[in-house]
Structures are given as C-alpha cells and as structure tokens.
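# Descriptive analysis of the structure
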Protein chains: 4
Amino acid sequence: MARKLRMGMIGGSLDAFIGAVHRRGAALDGEIELVCGAFSSNPEKSKATGEALYLPAERVYGSYEEMILKEKELPEGERMDFVAIVTPNHVHFPPAKMALENGFHVVLDKPITLNRAEAEELKKIWEKTNLVFCLTHNYTAYPMVKEARHLIRTGVIGKVRKVIVEYPQGWLYKLVEGAGTNRQADWRTDPARSGAAGGVGDIGTHAENLAEYITGLKITELLADLSIFVEGRRLDDDANMLLHFENGAKGILHNSQICHGEENDLNIRIYGELGGLKWRQMEPNTLLLLNQDTGTKVIRTGVNAVSRAAQVHTRQPAGHPEGYVETFASLYRNFAKAVRAKEAGEEPDPDFDFPGIEEGVRGMAFIDTVLKSNADGAVWTKFE
Amino acid sequence: MARKLRMGMIGGSLDAFIGAVHRRGAALDGEIELVCGAFSSNPEKSKATGEALYLPAERVYGSYEEMILKEKELPEGERMDFVAIVTPNHVHFPPAKMALENGFHVVLDKPITLNRAEAEELKKIWEKTNLVFCLTHNYTAYPMVKEARHLIRTGVIGKVRKVIVEYPQGWLYKLVEGAGTNRQADWRTDPARSGAAGGVGDIGTHAENLAEYITGLKITELLADLSIFVEGRRLDDDANMLLHFENGAKGILHNSQICHGEENDLNIRIYGELGGLKWRQMEPNTLLLLNQDTGTKVIRTGVNAVSRAAQVHTRQPAGHPEGYVETFASLYRNFAKAVRAKEAGEEPDPDFDFPGIEEGVRGMAFIDTVLKSNADGAVWTKFE
Amino acid sequence: MARKLRMGMIGGSLDAFIGAVHRRGAALDGEIELVCGAFSSNPEKSKATGEALYLPAERVYGSYEEMILKEKELPEGERMDFVAIVTPNHVHFPPAKMALENGFHVVLDKPITLNRAEAEELKKIWEKTNLVFCLTHNYTAYPMVKEARHLIRTGVIGKVRKVIVEYPQGWLYKLVEGAGTNRQADWRTDPARSGAAGGVGDIGTHAENLAEYITGLKITELLADLSIFVEGRRLDDDANMLLHFENGAKGILHNSQICHGEENDLNIRIYGELGGLKWRQMEPNTLLLLNQDTGTKVIRTGVNAVSRAAQVHTRQPAGHPEGYVETFASLYRNFAKAVRAKEAGEEPDPDFDFPGIEEGVRGMAFIDTVLKSNADGAVWTKFE
Amino acid sequence: MARKLRMGMIGGSLDAFIGAVHRRGAALDGEIELVCGAFSSNPEKSKATGEALYLPAERVYGSYEEMILKEKELPEGERMDFVAIVTPNHVHFPPAKMALENGFHVVLDKPITLNRAEAEELKKIWEKTNLVFCLTHNYTAYPMVKEARHLIRTGVIGKVRKVIVEYPQGWLYKLVEGAGTNRQADWRTDPARSGAAGGVGDIGTHAENLAEYITGLKITELLADLSIFVEGRRLDDDANMLLHFENGAKGILHNSQICHGEENDLNIRIYGELGGLKWRQMEPNTLLLLNQDTGTKVIRTGVNAVSRAAQVHTRQPAGHPEGYVETFASLYRNFAKAVRAKEAGEEPDPDFDFPGIEEGVRGMAFIDTVLKSNADGAVWTKFE
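These numbers were taken from a predicted model, which means no experiment stands behind them.

Let's shift gears to the sheet that holds strand 1 (residues 5–10) of chain A. Residue and element names in this part refer to chain A. One open sheet accounts for five strands, arranged 2-1-3-4-5; its pairing is parallel. Each edge of the open sheet is held by one strand with a lone partner, namely strand 2 (32–38) and strand 5 (133–135). The sheet shows a mean angle of 20° between the axes of neighbouring strands, direction not considered. By the bridge criterion, three bridges tie strand 4 (residues 105–108) to strand 5 in an arrangement that is parallel. Residue pairing for strand 5: V107 is matched across the bridge by C134. Against the sheet, helix 1 (residues 18–28) engages strand 1, strand 2 and strand 4, with an angle of about 180° to strand 1. Against the sheet, helix 3 (residues 64–73) contacts strand 1, strand 2 and strand 3 (82–85), and its axis sits at roughly 125° relative to strand 2.

Turning to the interface of chain C and chain D, a few remarks are in order. The partner chain D presents 47 residues to the 47 residues of chain C that form the contact. Interface area, chain C with chain D, both sides summed: about 3700 Å², of which 50% is carbon and sulfur. Counting every contact that joins chain C to chain D gives eight salt bridges. Put simply, the parts of the chain that give the side of chain C that touches chain D at least two residues each are strand 6 (160–168), strand 7 (219–227), strand 8 (238–245), strand 9 (250–256), strand 10 (267–272) and strand 11 (276–280) of chain C. In terms of residue class, the side of chain C that touches chain D is made up of 18 nonpolar, 17 polar and 12 charged.

It takes a turn of 180° to lay chain C on chain D, together with a shift of 0.0 Å along the axis; the resulting RMSD is 0.0 Å. A rotation of that kind, with that shift, is consistent with a two-fold axis. For chain C, the residue whose C-alpha comes nearest the rotation axis is V379 of chain C, separated from it by 3.5 Å. An overlap of 100% is found between the interface residues of chain C and their copies at the interface of chain D, pointing to a shared contact surface.

Turning to the interface of chain A and chain C, a few remarks are in order. Listed by partner, the interface residues are 34 residues for chain A and 34 residues for chain C. Where chain A abuts chain C, roughly 2700 Å² becomes buried across the two surfaces, and 58% of that area is made up of carbon and sulfur atoms. Our enumeration of links across chain A and chain C arrives at four salt bridges. Residue R300 of chain C is joined to E263 of chain A by a salt bridge in which the shortest nitrogen-to-oxygen separation is 2.8 Å. Linking chain A to chain C there are 16 residue pairs in polar contact (both at pLDDT 80 or more). Of all elements in the fold, only helix 1 and helix 11 (324–344) of chain A reach the threshold of two or more residues within the side of chain A that touches chain C. Grouping the constituent residues of the side of chain A that touches chain C by class yields 17 nonpolar, seven polar and 10 charged.

For the rest of this paragraph, the subject is the sheet that holds strand 2 (residues 32–38) of chain B. Residues and elements named next belong to chain B. Spatially, 2-1-3-4-5 is the arrangement adopted by the five strands of the open sheet, whose pairing is parallel. Looking at strand neighbours, the two that pair on one side only are strand 2 and strand 5 (133–135), the edges of this open sheet. Taking each pair of neighbouring strands and ignoring which way they run, the sheet shows an average axis angle of 20°. In the packing of helix 4 (residues 93–101) onto the sheet, the strands contacted are strand 1 (5–10), strand 3 (82–85) and strand 4 (105–108), and the crossing angle to strand 4 comes to about 160°.

With that settled, consider the domain arrangement of chain A. Residue and element names in this part refer to chain A. Domain annotation of chain A identifies domain 1 (5–131) and domain 2 (142–314 + 361–382). Placing a centre on the C-alpha atoms of domain 1 and another on those of domain 2 gives a separation of 28 Å. The interface of domain 1 with domain 2 comprises 18 residues on the first partner and 17 residues on the second. When domain 1 packs against domain 2, close to 1400 Å² is buried across both sides, 60% of that on carbon and sulfur atoms. Three residues stand out in domain 1 for area buried against domain 2, namely K110, L114 and R116, and they jointly supply 36% of the buried area on that side. Counting every contact that joins domain 1 to domain 2 gives two salt bridges. The salt bridge involving R183 is made with D15; its shortest N-O contact spans 2.7 Å.

The transform that puts chain A on chain C rotates by 180° and translates by 0.0 Å along the axis, for an RMSD of 0.0 Å. Most of the interface of chain A is mirrored in chain C, where 100% of its interface residues are also at the interface.

What counts, and where the lines are drawn
Residues numbered from 1 in each chain as written. Chains lettered and ligands numbered in written order. Predicted model: local features only at pLDDT ≥ 70, side-chain atom pairs only at ≥ 80, totals over all residues. Heavy atoms only, no water. Pairing = 2+ DSSP bridges. Helix = DSSP H or I, 4+ residues; strand = E, 2+ residues; numbered from the N terminus. Axes fitted to C-alpha atoms, helices over the stretch in contact; angles between N-to-C directions. Contact = heavy atoms within 4.5 Å. Buried area = accessible area lost by both parts, 1.4 Å probe. Salt bridge = Lys/Arg side-chain N within 4 Å of Asp/Glu carboxyl O. Nonpolar A, V, L, I, M, F, W, Y, C, P; charged D, E, K, R; others polar. Least-squares fit on C-alpha atoms with pLDDT ≥ 70 in both. Polar contact = N/O pair within 3.5 Å; in protein donor to acceptor, adjacent residues only side chain to side chain. Domains from an automatic or database assignment.

Okay, structure coming up:
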C-alpha cells in the first residue's frame, strides 16, 4: 500500500474542538489524508465543514451511516480505509460498531463509550474482526512518558511505592453550561451525552490511564470522594481519590474542573525504592529523575540518550518544543503503521504502541468503580 | 525592659539539628540573648556545647531541672526570662510543665508533646499562668503565608472549595535508623521518643497546621491511609489523606519520608470561587494568585503591595532571598514582642502572631484522628 | 480557488532536518498539499524521498530547474502554485530567482541568500512580479511574540530602553563537522555553502529579526566580537554584540553554538519606561509582563485576553502546549492566506503577517555589519 | 580567646538598609557580639539606634573617631575587637584607615572606597599591620558559588570559553532620588557620596567580582557602554560590557537599575570545553551543571555530594532554603575564624575564605576601566 491511508471523519464540524486536533494530528506526518466526512448530524453544517476542508462535495455525507455504506461501495483504490470518530460520548458506540462491522479500522476519541456495557459489547464486536482500533488517550504518546515507562520497566527507580497523579483544570469554575454559548461545557456536563461521570470521565480517565501505563501496575482498589461544587451542575466537577496498586504501592489521583486558574495541568510523580520520576504535561519535553543521594537529573527530548520508544516519538532536535498536537500525530502515525503491518501480515512494532479497546474497557470500569465508591460514601472499592 | 530577653535552652547539643536553628533564629533580630542551657542529659555534652557557645561555665547545667531551679534563684536582672525546649518529643512535656510552674515563658518545638493527654494537661497548666507560650510551627511565619491568609480573609479568592497540601521528603527512603549513625532518624522513628506517629507527627502536623492557618477553616473529618514502606521501620513513613473542611471544602493532605529525591517540599494550593493560591516552601518568597480569566499574578516579597502582616515578616528588599532561619527568627521576635507586651500590660499586636498551646493540642488531636482512621481501615473519621 | 494550495519542494530529502519541518508545517492546517518535489541534487535520493512521501513518480524531479520548467507546462488545475526552498544557503538564490521568473510564489528558508548582493538582486526580481514571498524567520510566529509586539505597540511598557536578546546553543561545542557524519554541521560550517558567517548567519539573524520585530525599532549601530572557539572550524561559533537602537535604546545580542549543554534557548527581555517583557522560545506559551511596583503578570496562550494577532496564532486551549512546528504552520497558513488574497485582489490581513524579502535583505545587511565590525577590531559600526 | 568577638559598628542607624543586614549576619552564628557603635554622624540618631539595639549608653558614640579612640582605651577584656563599617562610600576610607592605624580589624562594605587612590592608600596602610580585613562582596559566600568555583578548579567543565554575568535591577527606573524620601537612592546616585560610578560601582563590581572569583580568571580587557536613562540622574543607571579574559575566554557583563520589574537578579553562566554552569542569586541553593551529551544535573545544597568549601557554607538540610543573610553570616563567621587563627598564630583555613583588600582594589580598578572605556566612546580598554 504505497499510498497515504484514507481517513473518513465522523463529527468534528468547524465549531468543535477535538475534531480539528484529530485532523491536524492525522495530517502532521504525511501518512494519512482526509478523504471524506460526516461532520455533523446537521447536513448543512457537515457540508460547510467539508467545503472548508476542500473536500469534494460527493464525499461529504449527511450522516455517518450514509458515509459508511456509500464508502463501502467505492472501489478499493478510492474508498476510505478507516474512520476517526470525534463526536460526543453518546455517539461513540453506534458508529464504531457500524464501522467495524463494515470492515473499517477505527480511531475513537476517549472515553470509549457512554457506559461500560457498550464498551464490553464493542470489545466483542472488535474481537471478531481483524481490524485495528485506536483509542486516543493521547497523553501517553509524549516521548517523556515513553521514557518514564522505560525507566520503570528497566528498574531504574526500583519497585514503585507511591504514585501521585493530578489533573486540575479550572474552566468549569462557574456555571458556563446550559446557555448554549459553550458547546464543550454543554455536552460534557450533560449525563445524556457525557455519561454518568463528568470530570472523572473526561479527564480522570486520562490520569488513570497515564498512571497505569507508566508504572505498568494495575490499580486494584480505590476510594473516591466526588463533588459538584457549582450549583446547577449535573455531573461531578471535582474528584479526590486514594489508590492501591497491585504490587502494594499506594497513590493519590485527583482531577478537577474547578481549580480556578489551572489550565490543563496533568502531571505525575512516581517514587520507587531507588529513585523518583516527575513529569508535567504542560512542560512535556522534560522528565526529572530524582535521587535522594545523587540529586536530580534532567532528561530532555533530543538531549539525553533515551530509549528507542522515546526517540521515535520525538520529531525535533533539542530545544525546539513539541506539544499537544504531536501526541495525536503519534497516535495516528502508530495506527497507520499498525494498519500497514496488518495488511503486510507483520507483527506491529512494540515501540510504536497506542491505546486500544482494552484501555477503553478499563477506563469505563474505572468510571464505574469511582462512581460506586462515591455513592457508597467514599469507601474502599475493588477495581477489577 | 530595655534589654534583650534572656533565653535558657533545653536540648540542642552540638550534634543536634533543631537546636542550632533555634539559636540562630533567636539571635537574628537582636531581641534575645542565650544566657544559659541544659543542652544534653549527658553533662559532658552539655558542658562542651556551652563552651562552644561561649557561655560561662556556671550557666551550663547538667539537667533542665537544675537549670530551672537554679535560674529561678538568680536575681531578676540576671536570670533567664524563658526556656526554649528543643529536645525529642518525649522530653517536651516534663520541662515545659516545670518551666511554666516556675514562672518561665516557654518556646517549644513541635509537636507539642508525646501524646494528646500530655498536651491537654499542659494546656491546663498554662491556663493557670500569665505566661507566654510559643510552639514553633515555623512555616506559618513566612511572609507569603501571611499574605495568603490575608488574601483569603479579605475574600480575594472567595469561598474556599479545594485545598491540596503536600509534604514530601525522601530522607527515610531506606532504613537509616537503628545503627546509631543518624541521630535524627533514630529518635524520630522510635515510638518511645517520637510518639505513636512517625511522619504524620513530624511533618504531617505542619501540613495540617499550614492548611488550617491559611484558610482559617477547620478540618472536620478525614480519612487516612498510612504505610510503612521500609522494612524494619516502626512508625509510618507515608500518609495519604482526604479531608473535609467545615465550610464544605474538600482536600487532600499527603506527607511522606520515602519520596526518593524530595527534599522538604511542603506546599499548598487553595482554590476558591473567585481564584486560586499556590505557595511552595522551597521557593518561599513567591505566592501565585491564579485566576481563570485574567491569568496568574506573581506576588513577591518586597515587590507587590502586601498586607502589614506580610510586611512585618519580611526583612530584605526584593530579590534578596529569605528562607528557613527567618521563620524561626520571626517566631522568636514575635514571642519577644508578646512577652514585652504582657509585661507592659498591653494587648499583643495581631500581625505579629505565632502558634501557641491551642495549635499544639490540635496537632495532637490530628495525630490521634489520623491513627484512628488508619487503624479502622482507612475510613472517614471525625476530627474534633 | 476552493482547493488546497499546491506546494513543490526544493531540497528536503529524507536525511535533512528542515525539510521535514516545512512539510509538517505546511500540512498542519490543511491549506496546502505537497504535489511535487526536487528533493536532492542526487536523483536517486530525490526519487526515494518522493516515494516515501507517497508522491507519484512523475512529479518527483531530478533538479529544481526541471521541476520549475515541467510544472509550468502543467494545466492550472494541476501544477504547483508555489515552491518551498529548504536547501543549504548557497542553493537559495538560484531556485528562488528561477521560481519567481517563472511565475511561482516562493517560501524560502532563512537566511535569504548566500550574501547581500544576491539578496538585493532577488529583491529587485521579486519587485517586478506580483508574487508572494515568505522567508521563514519562524520564531516571530509564536503567539506570545505577537502579543509582546502588540503590548509594545500599544504603549504598555512605554518607550523601550533596553533589549537583551540571546541565542545560545551548544551542539557545535566540539568539531563534529568534516567527518561526513553530521550533515547539518558539515554545511553550516562551510563558507561555500553557508556564507561568510557561521552562527551569526544561522541563529544570530533570528535574534536580530526577533528584536526588531517585537520592538518595532531598528538597530542603527552595533559592535560585534566574534570567535571561533573550536580548533579547525572555519566560521564563527560565538558572537557577543552591543546594540544601539534608533530611539536611543541600548541592547545586547549574543549567539553561540559552543554553550555546552544549551539546547536552543532563544530568548528576549525588553525593558521600557513603564514595564518589562520576557519571553523564552523553549517555553513559548508564556510571556511575562513585569512591573517594578505591581509585580509580574503571567500571560499565557489561551488564558489571558490577548490581541487578535496573538489569538489567530494560537490553535489549542490553555495548557495544551504548542511549539515549534506550529510556527512553521503559521507561516504557511499566513502565506496561503496572502496568496488567496492576492488572487482575489484583496489586501492581506495585517494580523496574519509573515517575514518577506525586506527581512531577508536586512538579515544579510546584519551579517555584513557584524562581520565588518569584528574585522575592524570589534568597533562600533553603522547598521543601515 | 574563648569568647565572642566584639564588634563596633560605624554607620547603620535604624533607617539604613545594610547596617541591619550586617548586624543580623554577624549575630547569626553566635561568634560575634555587637558591643558598641557610632551609628550616625547625627548623635541623636546614633543614640536612638544604640538604645534600640540594647547597647549601654556609654558604648554609643557620637562619631567614629570618638569610638575608635575611646574603645582603644578600654581594657582588653572589654573593648571592641573590630569595626564594621556600613556607611555610604565616601565614609569608607577615613574610618577604615583610622581603625587599622589604631589596631582594630576591619569589616567594610563594598565598594571599598570612593575612588581608586583611596583604595590603594588603604592597601598600603593595611599591609603595615597584622590585622584582618574583610570586604563584604557577600555573593561569593553562597555555597553554590563555592561549588561552582570548585567544579571549575577541578576541571569539571574544562577550559572556560564564555562567561555571561548579569545584574539587572529595576528600582531606579524613575527619578526617586533627590526628594529626600528614598535614602538609598539619594546617596547611591550622588557622585559626592557614591563616587564616579553609579550602578557600576554599586552592583557592577559584584558582577565582576563574582565572575573572577568563580572562574579564577582575570578580565584583561573590556568595553563598556554606559547610560543614564532617567532624566535628572547624575550617575550611570545602565551598563553593557564585553569582556576578554586572560585565558582567551570571552564574556558579557551587564548591570542595570532601570530594568523595570527586575528585583536583584544577579546571575552567571559559564561555558567550558567540557560542560557549563548556571547559577542565579534569587534561587541560590541550586547550581546547574550542563552537558550537551548527558544533559543537566541539578546540584542542590544539602543533596549532592559537594566540596568541603560548599559544605561549610551550608547551614540547613536539603530543602530548607537559605538566603541573603546567610552570606553575610558566612563572611562574619569566616572573618572571625581568621581573627582567631591570627591570634593563635595559625594559617587561615582556605575553605573559609572571604574577599579582602585585593578584591577591593580590583573593584576600584574595574570602575576606573569601565568609566574610561565609556568616556573614550565605548572602546576596548585594558583592565590591569
């Protein structure tokens, strides 16, 4: 397949946030081209978006159902290879299911579905196919996250004892939803479109995914204290949790949308028997390796000798900052490699990994566990 | 009393840590002079310390009992005015009690006593006197802590919603106690000398005190998950807690001595309805005032217009860093002012405040509550 | 022209650095597609690069001359609209001249040409056309650079008094060139390919351009002290300069490639009568606005209310870091807008500005002035 | 001499800045006691200061001449051992001369005298005595400055190539002097009291001293471009300089009092053939050791294994910040050790060094060279 992979997008009209991120990420490395889209359930909006993206009118569809069915009819050299689904959570499962059932690979924005039952059903559907599935927990695609994981895997900080993962934001510090002026806030605080969790689903799942990915350890038990601080809000906007990990490590996870003045400060600290690690998403090209006796070593993209996994997720030389869009680019690039490997009958390269259906199901289980713990009075609850 | 206050020190021999800090703090502002001491229960060590401090031999005592009794007999123009007690925790209550009962003001290192019963008894003893009592929760004496408290009192960040207070250290990441080579570690991990809590008593109490001092809010309920990560250790070296405050605010407190590579990173973040505040002990001259809409304002000692309470705890112009020793200096300076005010029959100046017996009792109650919560399986426990 | 602009690339084979940056920048916003290329003077390398980029074989050329002539013959709906020239400096002028003379818009990597004479000739050629020309001084495309310029234009820091602009790198701290193992080092230290200046041409011109762009002030006089610290090197690897600006402001500019351990730390500080500004390329989403009396205000992309010019160069919400590749994307996006405006007979939008031929000629004059000052013994030299 | 050293202070009345810093520094380590003072040329002010400092009335003098003569008559067990001179620059030479001639050791605030001639005369006077002389270039007493010097001496960063030393302040960004409301500004901008240089004498000398102290290299040639930016000011408030060092290294030094919003940001960067070093006075407990290939190592007081010189200038464990007052404490402590060594006929300990008369004379030569270079049109000038 000596050609770019062909992407069809579901959702992502001009006034959405994450659709443009996906398009930029997919475009960055030149492996993928957008060939068609069903950008909105409103056909006028879909059409206007398609025009703005210079798509031919005949490849802009009024619904994802139409897109999947019509694209399927196109000849192989022309039809889309995969769909990228960037809709609100309640429109994750149906198009993902339909795409898989019609033979298209899938890239899906997180969280995977509206609830755990959908996630498990989607997993069953996917298992019957030979298709590639990518869930965009993008933060694990930062090179210094790859390096942190590598350092733990190779024993550099020894057995992990303590994990602190934080995800404070402040954008929902007051009631901005409901007035129709903030699309993002509107659907993310609406149980019908977002699911049973608010901030926990939106960003808490990123924190959980990051902690488990870097440490390689499963959370086995947690205790969650959720709040709705803003009057009139319907879903949690703040969460404080204590964690127990499978190896005996303990931890803290907190996420919030009411931390006034915080931007998007996902960060993690991990302490082991032999050292510590610190990473902040807002300065992603730096990883600190701490040692009580020899001090702190600064690991930077493009400077230190790092693992191959970190290297292949670094695009620029030292001091040329990389950021958020590159994480999506890496997911799309890795996904493309996996599709090509699959078509060639080869094993995927493990240094070009990406989150898939398992991480999606686990994220939904996390949400369920958190909600149950909180509903029971913020008590310890098994996370399976 | 147009003379320096006269200090007698109990504990603080040459090989101790906190004694020298107290001596430097007391000396810094020229309000206090060290006139005598019982620096060790070992008379030779006490003598050697006295000599190194240039004290006359006759004012260096073999025990605190001797010091208190003999000094009491000296004429008023000569005898000590107060004692500074800088011994391990199990030697807090007896000398403090004896000093108060013999008419001496007291400065006492935290935590106040070995257990809550002692603390409450000491309180009763003190209430019968007309003496000044200072407990050296020194971190609240930083000018930017004073300013943070002022900003909350004056409503700048509105009603507090969330508090995150952290106190990670790494110096006990392995078993350093017991070999007789680390005096600090030896007594701080020994239940007989330190009390029933390890890190929670040593540093967790600072975190609790800081959070309540700045916010002006009491913690009413907490849940604590304590660990001993280092094999062979007898007291907690790691603690993760969730907090509920009296006004409905929620919080997280964690302290640790096994965070490999962390120095002494006490820090606090507070988010209210109108803004946020961030302060780190390791860069104490900076306070960040966050706002989601207008961005972050950097408040620095000597730069911004700040409250009188912050001003009177600042000694240097902008950019001339102040640090840890100044916090002890401020406590001693404020204590000296309070003693002079008392002798003059005046009210103490509220901008020159310092922690006293109440904070001490509350600290012991905190330890008890934490231990109980943890013993009961890390469950929610009232903190009264 | 409701279609993407069509780009033909000159230079940028797979083992080059800046070509991939240009391709990613051009792709990011979906306004441009790569349709052809002459990626190397080595036809095999050019062909391999074209294949890796999924270009049809017939649009991959063995030389830029062939590309320009053959593309010119293609029908309007198919042929390239502009060339992007990403070759070493000695291959800037010939293809730029030929492209302009054959009616193609040009994007050219900096510095504009091998020497000032070429630059001035190119300017004359360009003035006879109605074509759009963009020089990729990319650092001025950061949103916080736009905002800094806006704050100075609107008088926020008052009349500028002092400018400090720095560009330290360390990658040439030893002799890495000449062995054929470091292509970047090889040509950048070779007078025949790089021009008469080394570091001054490569990065000093960025510093000069940034300082003049943000302040809106011309440097009128300078004094330069150049060095070659590494034995065997042929061009300057370190430069220290003093500057005088047209309004009486004074300044310092230094650039270096031997600052061991420095990555790419372009940064600028500007002090005026009413305030100061600080910006660092390695943390590009932050701009500090200093005031002696009211303290420092942190301006962040996506947080504070900023100028339209800053807004339109920001792609992500607060705390989702943007970086280096976005600066190239902005140049290409702005260039594309200018081409479309020109075709529509409209004025370009001033908030979507980009460097052009004037900045290129000024850069070459800067190099000449610096070299003359240094050759004369590091003396004050007029910069016209 | 098993007693504290006795200090007599000249200058330093209650409304002065640096006098209190000296008193606190001298008091901190318990080696020195203030026994007398001539705190002001105004006897009433001197008396009020003495009272506030709890000095006996008979040891508070109306003039330094009176103090020196009367103290000399006191018995050895009572009279002062040394004078600390903390007056404006024009009152440095006369009391220093008189103290030395009457057998008193001297601690003198920098710059040493009003001009070079005085400095050289003072040197001659001192050389005839057997007395200890300390000039309070305090910034070299920071532990991480000691460590930086040690790392260079032991070859860790190899031969030094480039030095950048900066000292920006902003407190004189407007005309604050002359109204009698800012004593500091009044005398520091008055040629009769400050000398022929303004900022260069006040802070430029610190920068020069720091650069030469850390690198162990002399500046042999410099070029200075001075400015008076504030109308009505009489002395330089901004200076930009290029430097040449004896080993071929090059450098930049700039100091300013008009950098709006800068506090006291003395900092230095040094790049050698094998690595780099960075240190900032405003975060003094951190030293960065840079390496292009292995990245940056963070060296912190109390954490890393450091030289004995750094250790003996560190008072607190890791993460308990130390600051400005400790630098004065170290100078006074080291001075006291030197006095005791002298009295014992021993060699001083080289790890407890402090600046003396040589550094003072060199500082005055620096000022002269800078002024000459600037007066000649900002040209290269030998610095001998």
